[in-house]
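Structural overview
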Amino acid sequence: MHAVLRSLWNEPRPPDPPARVPRDWVLVGVLVPVALLEGFLRPDLPDRVVAVTLSVALVPTLLWRRTHPLRMLLIVFAATALAPLLTGGAPSQAYSLVYLLILVYALARWGSGREIAIGLAAMITALGLSTAFGRTAPSDVVGSLAVMSAATTLGIALRYRARARSRELDQVKLLERAQLARDLHDTVAHHVSAMAIRAQAGLATSASRPDAATDALKLIEEEAARALAEMNSMVRVLRQNQPPELAPGRGVADLAELATQGSAVPAVRVNLSGDLGELPPSVGAALYRLAQESVTNARRHGRHVELIEVSVRAEEDCVRLSVTDDGAPPSAPGPGYGIIGMIERAELLGGTCQAGPGPGTGWTVTAVLPRAGRRS
């Protein structure tokens, strides 16, 4: 219990409270005439001049209710408590003073835990003194406490609702950042690895084939153009502030681009089977990225790899991806983020992804994705 009370006492203020917004000035502009009209239309109002003056004078406290909630509340309760003592009259019975409940709500919504505790103690103390001196009937105390409790409860409820909403937005941002990190890794790593392999091949054969450097440069230029095109697509989506799902992405139809032509080593073969024509864009994009990253890993980390086979097979309720190579598996997988990103990408769609040494030689990546995307 002590820990709970300490946690409530140390509760910080909500971040970035709005100082003043146009509707605050509208509220002040409406309440001042209302208080004046009440003074004219209620001849039975006790100490009418003092009551109207008090109502009008306290209206500006609403302008600072978010940035200084406790201070404004104490000013109001001090003024309403001292005014009868200074004038010798009864407590103000102006109906227009009901707007002071907005300050009670604002304290619970925007104040710190310490400020809320002090404010509630001040309100209860003021109400108790007013009752003790006979200015407030005991029957009215219950009603006053009920109204203050309702305003406080509403403020606390909206406070924690806003906090929950903020946590949801933070979680969405983290998911978008993770997805962006995976896309950047897959795109950049794949194309840069391809360019490095082309450059190494050109250097290795330049002595025996003088035209090999020219061919390698052409292939490097093509890979660089593809990388720039994909990067521009991603940057365009970020600048337009669109969700990742609206980004122009890769799909199953693009898997054929992973296949190599001619006598390139390692060779990449792509085999597609089953009905792959009506897959959701998210599933198609995931299949392409998983296959692309698997090919990249085989090229970069596999030893003596000559053939990489990519197989995608559509079944009734799922799609299976398999990427294998005929090389020797790496002695120890590197600490990179490629395999982690692949597993995360599959799990986001309700699927699975596994990577490890093949049954015979080489490295094998298998992924199973629900055909309809994320399962409920």
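Above this note sits the structure.
Model, not experiment: these values are computed from the prediction.

**Points about the side chain of D24**
Position of D24 relative to the elements: it lies in helix α2 (residues 22–41). Within the local environment of D24, its side chain forms a polar contact with the side chain of R66, the two groups lying 2.7 Å apart. Among all residues touching D24, those that are not within four sequence positions of it are A19, L63, R65 and R66.

**Observations regarding the pairing of strand β2 (residues 307–314)**
Where burial is concerned, the two faces of β2 differ: the one with I308, V310, V312 and A314 is buried and the one with L307, E309, S311 and R313 is not. This β-α-β element, strand β1 (residues 267–273) to helix α9 (residues 281–301) to β2, shows left-handed connectivity. Summarising the sheet, β2 and strand β3 (residues 318–325) pair through 7 bridges and their orientation is antiparallel. By the bridge assignment, S311 is partnered in β3 with S322. The antiparallel hairpin formed by β2 and β3 contains 3 residues in its connecting segment.

**Focus on the sheet that holds β1**
Pairing within the open sheet is mixed, and its 5 strands lie in the order β1-β2-β3-β5-β4. Each end of this open sheet is capped by a strand with a single partner; those strands are β1 and β4 (352–357). Neighbour to neighbour, the strand axes of the sheet diverge by 10° on average, direction disregarded. As paired elements, β1 and β2 share 7 bridges and run parallel to each other. Residue V268 lies in a different strand from β2, and its bridge partner there is I308. Sheet strands touched by α9: β1, β2, β3, β4 and β5 (363–370). Its angle to β3, the strand with the most contacts, is close to 10°. Against the sheet, helix α10 (residues 338–348) makes contact with β4 and β5, and its axis sits at roughly 150° relative to β4, the strand it touches most.

Here is what the cut-offs are and how they apply
Residues numbered from 1 in each chain as written. Predicted model: local features only at pLDDT ≥ 70, side-chain atom pairs only at ≥ 80, totals over all residues. Heavy atoms only, no water. Helix = DSSP H or I, 4+ residues; strand = E, 2+ residues; numbered from the N terminus. Polar contact = N/O pair within 3.5 Å; in protein donor to acceptor, adjacent residues only side chain to side chain. Contact = heavy atoms within 4.5 Å. Buried < 20%, exposed > 50% of the residue type's maximum accessible area, 1.4 Å probe, protein only. Right-handed = clockwise from strand over helix to strand, strands pointing away. Pairing = 2+ DSSP bridges. Axes fitted to C-alpha atoms, helices over the stretch in contact; angles between N-to-C directions.

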